[in-house]
Amino acid sequence: MVAAAPLLFDKAHILCYRTFDIAEELDLERARRALSEDTRRLKLSRENSQYLELPNPPLAYELGRRPLALRDGPITVDATARLFDHGAASIILRVPVTPGTSLEQLTRVADELYDSQALEELAVELVEGVRKTIAPAAQAPHLWDQNESYTVIFAEAIRGNPSAEELRTQADLARLLLGEHGETPLSRRESEAVTQTSFSYTVNDLVVIDWNSAFVYEPSGSRDIPDLLEIANAQLLEFRYYDTRLDEHIARIHDEVQAKRHGWLRLFRSPYRTLTRQTLATLVDLNEFIERVDNSLKIIGDFYLAKVYEGAVRRMRIPAWQGSVTRKQQLLAQTYALLKGDVDIDRSHTLEAVIVLLIVLEIFFAFFNMFSH
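Calculation criteria
- The written sequence of each chain sets the order in which its residues are numbered from 1.
- Thresholds applied to this predicted model are a pLDDT of at least 70 for local features of residues and 80 or more for the giving and counting of side-chain atom pairs; totals over whole chains, interfaces and linings are not thresholded and use all residues.
- The basis for every side-chain value is the complete set of heavy atoms in the structure, and neither hydrogens nor water enter the calculation.
- By definition, any uninterrupted DSSP run of H or I lasting at least four residues is a helix, any uninterrupted run of E lasting at least two residues is a strand, and each is numbered from the N terminus.
- Residue burial is assigned from relative accessible area. The probe radius is 1.4 Å, only protein chains are included, and a residue is buried under 20% of its type maximum, exposed over 50%, and partly exposed in between.
- Two residues qualify as a contact provided that any one of their heavy atoms is within 4.5 Å of a heavy atom in the partner residue.
- Here the open area of atoms and residues is found with the Shrake-Rupley method and a 1.4 Å probe, where only the protein chains shown may cover a residue.
- Any two strands are treated as partners once DSSP identifies two or more bridges connecting them.
- A cavity here means a set of 1 Å grid points, computed over protein atoms only, where a 1.4 Å probe fits but cannot escape. A pocket is an open set with protein on both sides within 12 Å along at least 5 of 7 lines, and lining residues have an atom within 4 Å of a point.
- Grid points are joined across faces, edges and corners, and a volume is the space filled by probe spheres set on the points.
- As a working rule, the residues Ala, Val, Leu, Ile, Met, Phe, Trp, Tyr, Cys and Pro are called nonpolar, Asp, Glu, Lys and Arg charged, and the rest polar, with Gly in that last group.
- Any helix carries an expected span of 1.5 Å times its number of residues minus one.
- In this context, the arc is that of the directions from the helix axis out to the C-beta atoms.
- Pairs of N or O atoms within 3.5 Å make up the polar contacts considered here, provided that, within protein, one atom can donate a hydrogen while the other can accept it, and that residues adjacent in sequence are counted only when both atoms are side-chain atoms.
- What is meant by a nonpolar core is a set of buried Ala, Val, Leu, Ile, Met, Phe, Trp, Tyr and Cys residues, joined one to another through side-chain atoms within 4.5 Å.
- For patch building, the residue pool is restricted to those with more than 30% relative accessible area and no salt bridge; the joining distance is 9 Å between like charges and 5 Å between nonpolar side chains (Val, Leu, Ile, Met, Phe, Trp, Tyr).
- Salt bridge, as used here: a side-chain nitrogen of Lys or Arg that lies within 4 Å of a carboxyl oxygen of Asp or Glu.
- Charged residues are defined here as Lys and Arg on the positive side and Asp and Glu on the negative side; His and the ends of the chain fall outside this count.
- Charge placement uses NZ in Lys and CZ in Arg. For Asp and Glu, CG and CD serve respectively.

Draft legend 1. Up close: the overall build of the protein chain. Within the protein chain one finds 10 helices and 14 strands. A burial count over the protein chain gives 46% of its 373 residues as buried. The contacts in the protein chain between residues at least 6 apart in sequence include a share of 78% that link residues at least 24 apart. Surface exposure of the protein chain reaches about 19,500 Å², of which carbon and sulfur atoms provide 54%.

This is how it looks when you write it as structure tokens:
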């Protein structure tokens, strides 16, 4: 049996995404006016892409070419920023792949990029510059100390033009997506788990999606699928951010209730009025956030791009994070009802005390007038 020829990538690059939460909301039109560089709104170009609706498409602009230090020496990468109206900013670093690179070499490069500290530092430096540039367009600006990373190995030309089925059977894509370049092969079960979310529209293209990386073989050069993966990654970041915010607010409610439960001032005024207002504001912000994230992409028809997007959402475990946010939102709503009930009771007690005081004063003055005569 003749061994299969090694897989060589003649035209490919690696898209490294680092997505940050930089504001509660971004006014994309105002951001566009604040930028001197050429900007563009995301627009899907693939056939039937009109059935994926982007009500407020993300705004992108180029950040230029930047040096990136790797083990084998520094390289130059193209940097792009993409802004989302729900407050996320994505830094995209496009790492070139030398023509003729083998799958094994590509796996080593991908493994380094997955956890590259130099890449992380460059992304943070770039997002800080983005924040300053678009400051007038940011509502409640901040920089969350966590970010969401994703890597897409994007191949346009592979030597020999293999079909999707040949890539599935001949290329160890699981090792590529995991960055495993050691001698020991992966188990069959692990390989199947990593590559289970895969799609092909024609016999000559292939998408394999893992939770933090993806392989896209797209001879047409269309970037629609990486763009959809970026949207899903930004949604994941936002759900993680608000999940953390809800945890912090629920913990603060517990601490304040414990601290103020026995205060003597509550005889005259509820100690939870400020906390109740803050909880209501958090609930309102959360409702607006969920609406913005849900509206960032709407699926109108069941076709290839929609299937890829829904597969990415499942693989990134977005429904689990969304469910966690929803449960905590319901808990916070119940807590708000209890706090408001406590405030209302204290108000009624205060009103009753005032009424009793007025009655006592009226009786006192009645007796005073009677005895004065």
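Draft legend 2. Examining the pairing of strand β10 (residues 147-158) more closely. In terms of burial, β10 is largely enclosed, as 10 of its 12 residues are buried. Direction of pairing for strand β1 (residues 8-21) relative to β10: antiparallel, over a ladder of 11 bridges. For T19, the partnering residue across the bridge sits in β10 and is E148. Of the strand pairs in this sheet, β10 and strand β13 (residues 213-217) are connected by five bridges, and their pairing is parallel. Note on β13: the bridge partner recorded for T151 is S213.

Draft legend 3. Structural context of empty space enclosed by the protein. Counted according to the given criterion, the structure contains one cavity of 30 Å³ or more. In this structure, the largest cavity encloses a volume near 50 Å³. Looking at the largest cavity, the residues that line it are N56, P58, F84, D85, H86, I231 and S296. Looking at the lining of the largest cavity residue by residue, the class counts come to three nonpolar, three polar and one charged.

Draft legend 4. Region of the structure containing the side chain of Q235. For Q235, the location among the structural elements is in helix α7 (residues 224-260). If we skip the residues at most four places from it in the chain, Q235 touches V293, S296, Y309 and I318.

Draft legend 5. Spatial organisation of helix α3 (residues 117-133). With 17 residues, α3 extends 25 Å between its outermost C-alpha atoms, agreeing within 8% with the 24 Å of an ideal straight helix rising 1.5 Å per residue. Buried within α3 we find L119, L122, A123, L126, V127 and V130. Angularly, the buried residues of α3 cover 130 degrees about the axis, an arc narrow enough to put them on a single face. Across from the buried face of α3, at angles greater than 90 degrees, the exposed residues are Q117, E125 and K132. Residues of α3 that are buried in the fold lie against β1, β5 (59-68), β6 (75-83), β7 (88-97) and α2 (103-114). Its side-chain oxygen placed 3.4 Å from the backbone nitrogen of A118, S116 serves as the N-cap of α3.

Draft legend 6. Geometry of the nonpolar core. Core analysis: the biggest nonpolar cluster contains 54 residues, and F9, L83, I91, L93 and F215 have the highest contact counts within it. Tallying contributions element by element places α3 first for this core, with six residues. With near-sequence residues (within four places) excluded, I91 lies in contact with C16, Y17, R18, F20, L63, T80, A81, A123, L126, V127 and V130. By size, the runner-up hydrophobic cluster in this structure holds 50 residues, among which are L42, I231, L237 and V293.

Draft legend 7. Layout of a negative patch on the surface. Together, D285, E288, E291 and D294 line one region of the surface with negative charge. Mapped onto the fold, E288 is located in helix α8 (residues 273-294). A relative accessible area of 38% places E288 in the partly exposed class.

Draft legend 8. Structural view of the environment of L228. Here L228 is to be found in helix α7. When the C-alpha positions of L228 and A312 are compared, they lie 8.5 Å apart, and in sequence the two are 84 residues distant. Those residues within four positions of L228 in sequence are excluded, and the remaining contacts are L44, L52, L297, L305 and Y309.

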